Amino acid sequence: MAGVKKITINDVAHAAGVSVSTVSLVLSGKGRISSATGERVNQAIEQLGFVRNRQAASLRGGQTGVIGLIVADLSAPFYAELAAGTIAALEAQGKMVFLTQGGRQGEFMAERFDTLMAQGVDGVAIAGAVDRAIALRQKAEEAGVPLVFASRASYLEDVDLIRPDNTRAAQAVTEHLIRQGHQRIAWLGGRSASLARAERVGGYCATLLKYGLPFHSEWVVECETGHRQAAEALSALLRQHQTITAVVCYNSAVAMGAWLELMRSGWECGDGGAGNYYEKRMALAAFADVPESDLLDAPVTWAITPAREIGQQVAEKVLQRIGDGAGAVHNQVMLPRLVVAG
């Protein structure tokens, strides 16, 4: 009949006084739900005339073949590449992926997670800001649904996590510059609130100390991730500290801004031995989330950990957990690859 409102799972949850995910658990027959809660949900279903959809019915009989993927922000290249790798790997195994965004600060993570659970997914992967990771893990365990995290830093514990090794990547590029003869190496880019930046700066500092080289806090410069901001920050840094001969850049956007500034100012850029301010020769190194074939065509030494490969590993872990569900949780670290400037 026209104008009749379709009853949704949210209506059932409201009538029963429970969460959407609890209704999903009752419909699926999974998880640890008390008989009293189950009876209350079923009464709401009958009173409202809620139609249990085909997906819920398939859940009671087995798997749906659907995986949920939450990424922080698809406009960020890292998450776009990671999502592409995850989806391609899952679809190659005949799975369907529900993709959604959790917000740059993770502000929608819990809401998106509940939505996926209500859809009856077989497993969930989360990439991005996950301040509520412990609560989400508990919900997933109660539902009997595997949950895998991907992160740009190592701040999550006691969960299945795939992440890059930021510290080792920074050690690799810094050590390469030192072996090229550079002894006064600065850092450019990122914000102090970034955990990935903190790990990279830590690796950079540790390597300088390992080789007995000077570290000066004023050589570690913050700036926004943009060409103009990086160019301005590098220009100011070199005016104030004229003995610097190499710079480690937070990411590819900062590296490109730095390179453009060096060219504009008449500097030679490359690994060819340590120069100085008066010789106008500078070496650049940076970090990237893309394959070697997609690197910027610039004289920069890169430490790369392709986000698409991280996504492929996320897919493998989710499928493994769906298949057997056994074993202790594991932090899987993706090692960087060094690509030396030509």
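For every chain, the first residue of its written sequence is number 1, and the numbers climb from 1 along that sequence. Per-residue local features are limited, in this predicted model, to residues with pLDDT of at least 70; the limit for side-chain atom pairs, both in listing and counting, is 80 or more; totals at the level of whole chains, interfaces and linings are taken over all residues. Side-chain figures throughout are based on the complete set of non-hydrogen atoms in the structure, without hydrogens or water.

As recorded in an unreviewed UniProt entry, the chain goes by Transcriptional regulator and comes from Pluralibacter gergoviae.

**Q** Would you mind showing me how to read the overall build of the chain here?
**A** Check the secondary structure of the chain and you find 12 helices and 13 strands. Reported as C-alpha extents along the three principal axes, the dimensions of the chain are approximately 80 × 45 × 35 Å. Counting all 342 residues of the chain, 51% fall into the buried class. By definition, residues are in contact when any of their heavy atoms lie within 4.5 Å. Taking the contacts inside the chain whose residues are at least 6 apart along the sequence as the reference set, 68% of them involve residues at least 24 apart. Note on conventions: DSSP H or I runs of at least 4 residues are helices, E runs of at least 2 residues are strands, and numbering of each starts at the N terminus. Using a 1.4 Å probe on the protein chains alone, a residue whose accessible area is under 20% of its type maximum counts as buried, one over 50% counts as exposed, and one in between counts as partly exposed.

**Q** Looking at this structure, I do not really get the pairing of strand β6 (residues 185–188). What am I missing?
**A** Across a regular strand the side chains alternate sides, sitting on one face of the sheet and then on the other. Alternating residues of β6 divide into I185 and W187 and A186 and L188, and every residue in both groups is buried. We call two strands paired when DSSP finds no fewer than two bridges between them. Both β6 and strand β8 (residues 246–249) contribute to a ladder of four bridges, which runs parallel. Of the residues in β8, the one forming a bridge with W187 is V248. For β6 and strand β7 (residues 220–221), the ladder comprises two bridges, and the chain directions are parallel.

**Q** For this particular structure, what's the right way to read the domain arrangement of the chain?
**A** Where the parts come together, the accessible area they lose is often given as the size of the interface. Along its sequence, the chain is organised into domain 1 (9–52), domain 2 (66–164 + 308–334) and domain 3 (166–304). Relative to domain 3, the C-alpha centre of domain 2 lies at a distance of 32 Å. Contacts between the two partners involve seven residues from domain 2 and, on the opposite side, six residues from domain 3. Surface buried jointly by domain 2 and domain 3 totals about 640 Å² across both partners, of which 46% is contributed by carbon and sulfur atoms. A pairing counts as a salt bridge when a side-chain nitrogen of Lys or Arg comes within 4 Å of a carboxyl oxygen of Asp or Glu. Between the two partners, domain 2 and domain 3, sit one salt bridge. A salt bridge links R152 to D289; its shortest N-O distance comes to 2.8 Å. Polar contacts, as counted here, are pairs of nitrogen or oxygen atoms within 3.5 Å of one another; within protein the pair requires one atom able to donate a hydrogen and one able to accept it, and residues that are adjacent in sequence qualify only if both atoms are side-chain atoms. Connecting domain 2 to domain 3 are three residue pairs in polar contact (both at pLDDT 80 or more). Grouping the constituent residues of the side of domain 2 that touches domain 3 by class yields four nonpolar, one polar and two charged. Those domain boundaries reflect an automatic or database domain assignment. Buried area, as used here, totals the accessible surface that two parts lose on assembly, with accessibility defined by a 1.4 Å probe and the loss added over both. Residues are sorted three ways: Asp, Glu, Lys and Arg are charged, Ala, Val, Leu, Ile, Met, Phe, Trp, Tyr, Cys and Pro are nonpolar, and all the rest, Gly among them, are polar.

**Q** I tried to follow helix α3 (residues 35–48) on my own but got confused; where do I start?
**A** Since the α-helix packs 3.6 residues into each turn, any two residues three or four apart lie on the same face. Each residue after the first adds 1.5 Å to the expected span of a helix. For α3, built from 14 residues, the straight-helix expectation of 20 Å at 1.5 Å per residue is met to within 8% by its first-to-last C-alpha distance of 20 Å. Directly beyond the C-terminal end of α3, a positive phi value near 75 degrees is found at G49.

**Q** Could you clarify how one ought to interpret the sheet that holds strand β5 (residues 160–164) in this entry?
**A** Pairing between the strands of a sheet is mediated by backbone hydrogen bonds and can be parallel or antiparallel. Ordered in space as β2-β1-β3-β4-β5-β12, the six strands form an open sheet in which the pairing is parallel. Edge positions in the open sheet fall to β2 (96–101) and β12 (331–334), since each of these has one partner strand only. If you compare each strand with its neighbour and ignore which way they point, the axes differ by 15 degrees on average. The sheet contact formed by strand β1 (residues 66–71) and strand β3 (residues 123–127) spans five bridges and is parallel. Residue pairing across strands places I70 opposite I126, the latter belonging to β3. The convention used is that axes are lines fitted to C-alpha atoms, helices contributing only their stretch in contact, and that angles between N-to-C directions extend from 0 to 180 degrees. Along the sheet, helix α12 (residues 307–323) contacts β1, β3, β4 (147–150), β5 and β12; its crossing angle with β5, the most-contacted strand, is approximately 165 degrees.

**Q** Please clarify how the packing of aromatic side chains should be interpreted in this entry.
**A** Aromatic ring pairs: the centre-centre distance and the angle between the two ring planes describe each pair. Put simply, two rings from Phe, Tyr or Trp (the six-membered ring, in Trp's case) pair if the centres are within 6.5 Å, and we call them stacked under 30 degrees between planes, edge-to-face over 60, tilted for the rest. For the structure on display, the rule yields four aromatic pairs. Taking the centre distance of 5.7 Å and the plane angle of 50 degrees together, the rings of W187 and Y204 count as tilted. Remark: Y204 occurs in helix α9 (residues 195–210) and W187 occurs in strand β6; sequence separation between them is 17 residues. In terms of burial, W187 and Y204 fall into one category: buried.

**Q** In this structure, what is going on with helix α7 (residues 133–143)? I would like to understand it.
**A** Where α7 is concerned, the buried positions are A133, L136, A140 and A143. Relative to the axis of α7, the buried residues are bounded by an arc of 90 degrees and lie together on one face. Positive phi shows up at G144, right after α7, with a value of about 70 degrees. Within this analysis, the arc is defined by the directions that extend from the helix axis to the C-beta atoms.

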